[in-house]
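# Structural overview for review
Given next are the chains, with one letter for each unit.
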Amino acid sequence: MNWDKISAFIFDFATSWGLKLLAAIIVLIVGMKCIKALCKWLKKSPKLDKLDNSLRSFLASFSNIVLYIVLVITVAMVLGVPATSFITILASCGVAVGLALQGSLSNFAGGLMILFFKPFKVGDYIEASGESGTVKEISVVYTVLLTPDNKCITIPNGSLTNSVIENYSSEKTRRVDFTFTADYSCDIEKVKKVISDIIENHPLALKDPAPFVRLSAHSDNALTYTARVWVKSADYWDIYFDVTESVKVAFDKNDIKIPYNQLDVHIDNK
């Protein structure tokens, strides 16, 4: 056995492949750091402040995926894998993966539709797919909502685009609807005036359109009054709770009774 030839072969192999492996590792590490830095820059750079937050979030997510694919191809080429062969194998694998991940592809298409048609954007408060919250992030595949009690909900984009979306932040103003009940014996004009005074004097209530208070129904045990007032979208819940509480206090002060459900039973002794 010629040990000199064997040792020479091992040395040549280790030298050539060792250098390629070292170069591939360096490219991989540097590439990952560059991708991470670029995605961070896309999300936070003040130079891109003119871009919509939804677009920035989507671009960062999409760029992350594309750049990692490019990095894998580059590392393979550094190792000596022919580019054409590698791309052919990658394309074949892509077809197989695409068939296996049809749901994810529909979510990707849903992300593009959200980005293009803009039914909502980052920062909007929405209700969709049985969930509600403030849109925190729109990625390639998922949209993340932050609920009022600080929980993160991840919803696939495909589900969002196939469901009814209620966007509570799309308009600057919203109408708050109230329903109050009072006893049949109470003076109608008095009840309306008490409710109107509370709404009209609230600092968050808008004067145009003017608030609305009317008797709306004759229920079994009470008269039902409907009140409507327009507010800025951000003030919706503040005025809702304020008015609800203030009306109860005012009803008590003005001796306006709120009836309970009752059942009268008549006994026939015959």
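Before going into details, it helps to say that this report is about the structure given with it. (Residues numbered from 1 in each chain as written. Predicted model: local features only at pLDDT ≥ 70, side-chain atom pairs only at ≥ 80, totals over all residues. Heavy atoms only, no water.)

## Observations concerning the overall build of the protein chain
Regarding its fold elements, the protein chain presents seven helices and eight strands. Expressed as a percentage of the 270 residues in the protein chain, the buried residues total 29%. Taking all contacts inside the protein chain whose residues are at least 6 apart in sequence as the whole, residues at least 24 apart take part in 63%. When the accessible surface of the protein chain is totalled, it reaches about 18100 Å², and 62% of it is carbon and sulfur. (Helix = DSSP H or I, 4+ residues; strand = E, 2+ residues; numbered from the N terminus. Buried < 20%, exposed > 50% of the residue type's maximum accessible area, 1.4 Å probe, protein only. Contact = heavy atoms within 4.5 Å. Areas by Shrake-Rupley, 256 points an atom, 1.4 Å probe, with all protein chains shown as cover.)

## What to know about the sheet that holds strand E3 (residues 142-146)
Taken in spatial order, the five strands make up an open sheet running E4-E3-E2-E1-E5, and their pairing is antiparallel. Each edge of the open sheet carries a strand with a single partner, namely strand E4 (152-156) and strand E5 (166-167). Taken together, the two bridges between strand E1 (residues 125-128) and E5 define a ladder with antiparallel strand orientation. Its bridge partner being in E5, glutamate 127 is matched across the sheet by glutamate 166. (Pairing = 2+ DSSP bridges.)

## Brief notes about a nonpolar patch on the surface
A surface patch of nonpolar side chains, amounting to about 500 Å² of accessible area, comprises Leu21, Ile25, Leu28, Ile29, Met32 and Tyr68. The dominant element in the nonpolar patch, judged by the number of residues it contributes, is helix H1 (residues 3-44), at five residues. By the secondary structure assignment, methionine 32 is in helix H1. With a relative accessible area of 36%, methionine 32 lands in the partly exposed category. (Patch = residues over 30% accessible without salt bridge, like charges linked within 9 Å, V, L, I, M, F, W, Y side chains within 5 Å. Salt bridge = Lys/Arg side-chain N within 4 Å of Asp/Glu carboxyl O.)

## Here we look at the pattern of salt bridges
When charged atoms on two side chains of opposite charge get close, those side chains can pair. A full pass over the atoms with the stated rule returns six salt bridges. As a salt-bridge pair, aspartate 149 and lysine 151 come within 3.7 Å of each other at their nearest N and O atoms. Taking the relative accessible area as the measure of exposure, lysine 151 reaches 48% and is therefore partly exposed.

## Some remarks on the environment of tyrosine 225
Locating tyrosine 225 in the fold gives a position in strand E8 (residues 223-232). In the structure, tyrosine 225 is positioned 12 residues away from valine 213 in sequence and 7.0 Å away in space, judged by C-alpha atoms. Excluding anything up to four places from it in sequence, tyrosine 225 contacts Phe178, Thr179, Phe180, Ala182, Ile188, Val191, Lys192, Ile195, Arg214, Leu215 and Ser216.

## Focus on the pairing of E1
The alternating pattern of E1 places Ile126 and Ala128 on a buried face and Tyr125 and Glu127 on a face that is not buried. Sheet topology note: the E1/strand E2 (residues 131-138) ladder contains four bridges and is antiparallel. Opposite isoleucine 126, over in E2, you have glycine 133 as the bridge partner. Between E1 and E2, which pair antiparallel one after the other, the connecting turn spans two residues, and serine 129 there sits at a positive phi close to 55 degrees.

## Things to note about the side chain of threonine 224
Tracing the chain through its elements places threonine 224 in strand E8. A polar atom in the side chain of threonine 224 sits 2.8 Å from the side chain of serine 219. Every residue in contact with threonine 224, bar those within four places of it in the chain, is listed here: Thr179, Phe180, Thr181, Arg214, Leu215, Ser216, Ala217 and Ser219. (Polar contact = N/O pair within 3.5 Å; in protein donor to acceptor, adjacent residues only side chain to side chain.)

## Details of unusual backbone geometry
With the exception of glycine, the majority of residues adopt a negative phi angle, and the majority of peptide bonds are in the trans configuration. Following aspartate 208, the chain continues into proline 209 via a peptide bond in cis, with omega recorded as 0 degrees. Even without glycine at this site, lysine 118 takes up a positive phi of about 55 degrees. Residue position: lysine 118 is located in the loop between helix H4 (102-117) and E1. Located in the positive-phi region is serine 129, a residue other than glycine, with phi close to 55 degrees. Relative accessible area serves as the criterion here: at 35%, serine 129 is assigned to the partly exposed category.

## Some points on the environment of aspartate 220
With respect to the helices and strands, aspartate 220 occurs in the loop between strand E7 (212-218) and E8. Note: C-alpha distance between aspartate 220 and tyrosine 184 (36 residues apart in sequence) is 10.0 Å.

## Observations regarding the pairing of E4
Alternating positions in E4 separate cleanly, Ile153 and Ile155 being buried on one face and Cys152, Thr154 and Pro156 remaining unburied on the opposite face. Looking at chain direction, E3 and E4 are connected through five bridges and run antiparallel. Within E4, the position partnered with leucine 145 by the bridge is isoleucine 153. Where E3 folds back onto E4 in an antiparallel hairpin, the turn is made up of five residues, including asparagine 150, whose phi is positive at roughly 70 degrees.

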